[in-house]
Amino acid sequence: MMTPSQLKDRFIPFSSLRYSTEAFIDYCIPECSPKKNYALIGPGVSQNPNQPVSLREKHGFQVGGVSMPPGKTNPPHMHFTAEVFMCTKGHWDLQWGFNPDPLKARLGPGDIASVPTWIYRGFQNVGEDEGFMFTALGQDDTGGILWGPQTLEAARALGVHLTEDYRIIDETAGQIWDSNSMKRLQPMTTAEISQLKHWPIEAMMQRVVRHSDLDWRTDALLDSVCASGGAQMAPVIGMGISESRSHSAPIHNSHGFSIEWLRIPAGGHISAHALKEKQVLSVYQGSLAIYASTEIQTTAQLMASDPLCVAHGHSDAWDSYAMPGEVWRCLRNVGDTAVTVLLMTAGDARKRIHWSIDVMDAATHAGYSIDANGYVALKQFTDRSQR
């Protein structure tokens, strides 16, 4: 059982993040550098053993971030598990195809894109300032990263090599490349690349969810239909925690995690509840007080104590919190405007919220309950079915 101190240590302020500009072999290529790579949850796929990591604990998925100056490009590479880009600042071109020119999809603040596995992808900052994107990768072990042949060739021409066991050997930094004892990582051949699935623009755009197109609903949480509620949710990927029968995520294939947006109005909160799954909360806009306890508590009991943290989101920084499973929590908007939060929850299956007794009582008073399938429903009908 976690102590209050351990729960507080799971707060990841944006100001605490540390990055590496040499996480991957492309750091030596001028058009790709400098690039700041962040690892928030899990080690990610960095090829630098010195990559700073905020929290190494396994979550079933991994969360990172990337920041680049205008015009810089992350070259073609491949992942074997899901990769999701969540843009919080700037404008980016997501690239894929490379046959030979890339196909492109423009991402702006609040947009989310899920790239299929087993295709080469890259991205470029096409904005006027340094941008930032959160990234999420499926699974605790992603299987690593596979660079395109041109990237490995460009790095090699500059004296930087990637070995079979994913070690970077940089001759410009005084390291020695020994062709007798070392073997370079062999990229895919042209014939092998030609066998990969082709994703036309129309198909890829179905995996881009614009912030302006989100399906916000006020019946997504039992707490929201009570007098003290008011929060809204909008699904993006997979089966999350929404309790609305009308909700269906635009991207629904298996990722190993779900992604939803949460919005709480000024002065509002989400009452005491628990989930068995681990969850990462990243505040996009506003200020969120997070209360949590390993013991079952009502909303009043939880919010009578000091919050574990207050996480903020604004134009240049976005705080995160790694919520453990089986923990009771309340979320409270302590700002003057609505707070908007990214929820990333482990697992592909639907998540079932356990509400505190005060929420269940308030819902009963308002005429609502949770049906046998886990959705908000009129209590008169769920009661009638038990007769």
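As shown above, the structure is provided for reference.
All values reported here derive from a predicted model rather than from experimental measurement.

Chemist: Can you break down the environment of Lys36 residue by residue, with the values?
Modeler: Mapped onto the fold, Lys36 is located in strand E3 (residues 36-41). For the pair Lys36 and Pro69, spaced 33 residues apart in the sequence, the C-alpha separation amounts to 9.4 Å. Discounting residues that sit within four places of it in the chain, Lys36 has contacts with Tyr19, Ser20, Thr21, Gly65, Val66, Ser67 and Glu130. A polar atom in the side chain of Lys36 sits 3.4 Å from the side chain of Glu130.

Chemist: Tell me about the nonpolar core, and please be specific about residues and values.
Modeler: Ranked by internal contacts, the top residues of the largest apolar core, which has 34 residues, are Met86, Ile259 and Trp261. Going through the elements one at a time, E3, strand E5 (61-68), strand E7 (83-89), strand E12 (131-138), strand E17 (232-237), strand E18 (257-264), strand E20 (279-293) and strand E24 (339-346) are the ones with two or more residues in this core. Excluding its chain neighbours within four sequence positions, the residues that come into contact with Met86 are Asp111, Ile112, Met133, Phe134, Thr135, Ala136, Ile259, Leu342 and Met344. Grouped together as the second largest cluster of nonpolar side chains are 33 residues, Leu7, Cys309, Tyr321 and Trp355 included.

Chemist: For unusual backbone geometry, give the residues involved together with the corresponding values.
Modeler: The omega torsion across Ser33 and Pro34 is 5°, close enough to zero to call that bond cis. Within the fold, Pro34 resides in the loop between strand E2 (19-20) and E3. Residues Asn99 and Pro100 are joined by a peptide bond in cis, for which omega reads -10°. On the secondary structure map, Pro100 appears in the loop between strand E8 (92-96) and strand E9 (103-107). Located in the positive-phi region is Glu326, a residue other than glycine, with phi close to 60°. Along the chain, Glu326 turns up in the loop between strand E22 (320-323) and strand E23 (327-333).

Chemist: Account for the sheet that holds strand E13 (residues 145-147), naming residues and giving values.
Modeler: One open sheet accounts for 5 strands, arranged E9-E8-E11-E6-E13; its pairing is antiparallel. Both edges of this open sheet fall to E9 and E13, since each of them pairs with a single strand only. On average, adjacent strands in this sheet sit at an angle of 30° to one another, irrespective of strand direction. Pairing between E8 and E9: 5 bridges, direction antiparallel. Each residue of the ladder has a partner; that of Asp93, found in E9, is Arg106.

Chemist: Explain the state of the cysteines to me, using residue names and the numbers behind them.
Modeler: Simply put, disulfide is the name for a covalent bond between the sulfur atoms of two cysteines. Summed over all chains, the structure comprises 0 disulfides. No disulfide involves Cys32; its sulfur sits 8.3 Å from the nearest other cysteine sulfur, which is in Cys28. Sulfur of Cys87: no disulfide; nearest cysteine sulfur belongs to Cys32 and is 19 Å away.

Chemist: Talk me through the pattern of salt bridges; I want residue IDs and the actual numbers.
Modeler: Taken as a whole and judged by the stated rule, the model has 11 salt bridges. Where Lys278 meets Glu57, a salt bridge forms, and the shortest distance between an N and an O atom there is 2.8 Å. Of this pair, Lys278 sits in the loop between strand E19 (269-275) and E20 while Glu57 sits in the loop between strand E4 (53-55) and E5, and the two are 221 residues apart along the sequence. Residue class for Glu57 comes out partly exposed when judged on its relative accessible area of 24%. One salt bridge connects Arg210 with Asp111, and the closest N-O pair in it is separated by 2.9 Å. Of the two residues, Arg210 is situated in the loop between strand E16 (208-209) and E17 and Asp111 in the loop between E9 and strand E10 (112-115); the sequence distance between them amounts to 99 residues. Here Asp111 falls in the buried class, since its relative accessible area comes to 8%.

Chemist: Tell me what's going on with helix H2 (residues 149-157), and back it up with residues and numbers.
Modeler: A turn of α-helix holds 3.6 residues, and therefore any two residues three or four places apart point the same way. Taken together, the buried positions of H2 are Pro149, Thr151, Leu152 and Ala155. Seen from one end, H2 has its buried residues packed into an arc of 165°, which puts them on one side. Within H2, the exposed residues directed more than 90 degrees away from the buried face are Gln150, Glu153 and Ala157. Packing partners of the buried residues in H2 comprise strand E6 (73-79), E13, strand E14 (160-162) and helix H3 (190-194).

Chemist: Can you tell me about the side chain of Asp93, naming the residues and giving the values?
Modeler: By the secondary structure assignment, Asp93 is in strand E8. Overall, the relative accessible area of 5% leaves Asp93 in the buried class. A polar contact of 2.4 Å, which involves the side chain of Asp93, links it to the side chain of Arg106. Residue contacts for Asp93: discarding those within four places in its chain leaves Lys104, Ala105, Arg106, Gly122, Phe123, Gln124 and Val126.

About the criteria used
Starting afresh in each chain, residues are numbered from 1 along the sequence in its written order. In keeping with the predicted nature of the model, local features appear solely for residues at pLDDT of at least 70, side-chain atom pairs appear and are counted solely at 80 or more, and the whole-chain, interface and lining totals rest on all residues. The basis for every side-chain value is the complete set of non-hydrogen atoms in the structure, without hydrogens or water. Strands are runs of DSSP state E lasting at least two residues, helices are runs of H or I lasting at least four, and both sets are numbered from the N terminus onward. In this description, contact between two residues means that some pair of their heavy atoms is separated by no more than 4.5 Å. Contacts described as polar in this section are N or O atom pairs within 3.5 Å, which, within protein, must combine one atom able to donate a hydrogen with one able to accept it, while residues neighboring in sequence count only if both atoms come from side chains. Note on terminology: a nonpolar core comprises buried Ala, Val, Leu, Ile, Met, Phe, Trp, Tyr and Cys residues joined through side-chain atoms within 4.5 Å. A 1.4 Å probe rolled over the protein chains alone gives each residue an accessible area, and that area as a share of the maximum for its type sets the label: buried under 20%, exposed over 50%, partly exposed in between. Strands are labelled as partners when DSSP assigns at least two bridges between them. Helix axes are fitted only over the stretch in contact, all axes being lines through C-alpha atoms; the angle between N-to-C directions runs from 0 to 180 degrees. Any pair of cysteine sulfurs within 2.5 Å is marked as a disulfide. Any Lys or Arg side-chain nitrogen found within 4 Å of a carboxyl oxygen on Asp or Glu counts as a salt bridge. Directions from the helix axis toward the C-beta atoms define the arc.

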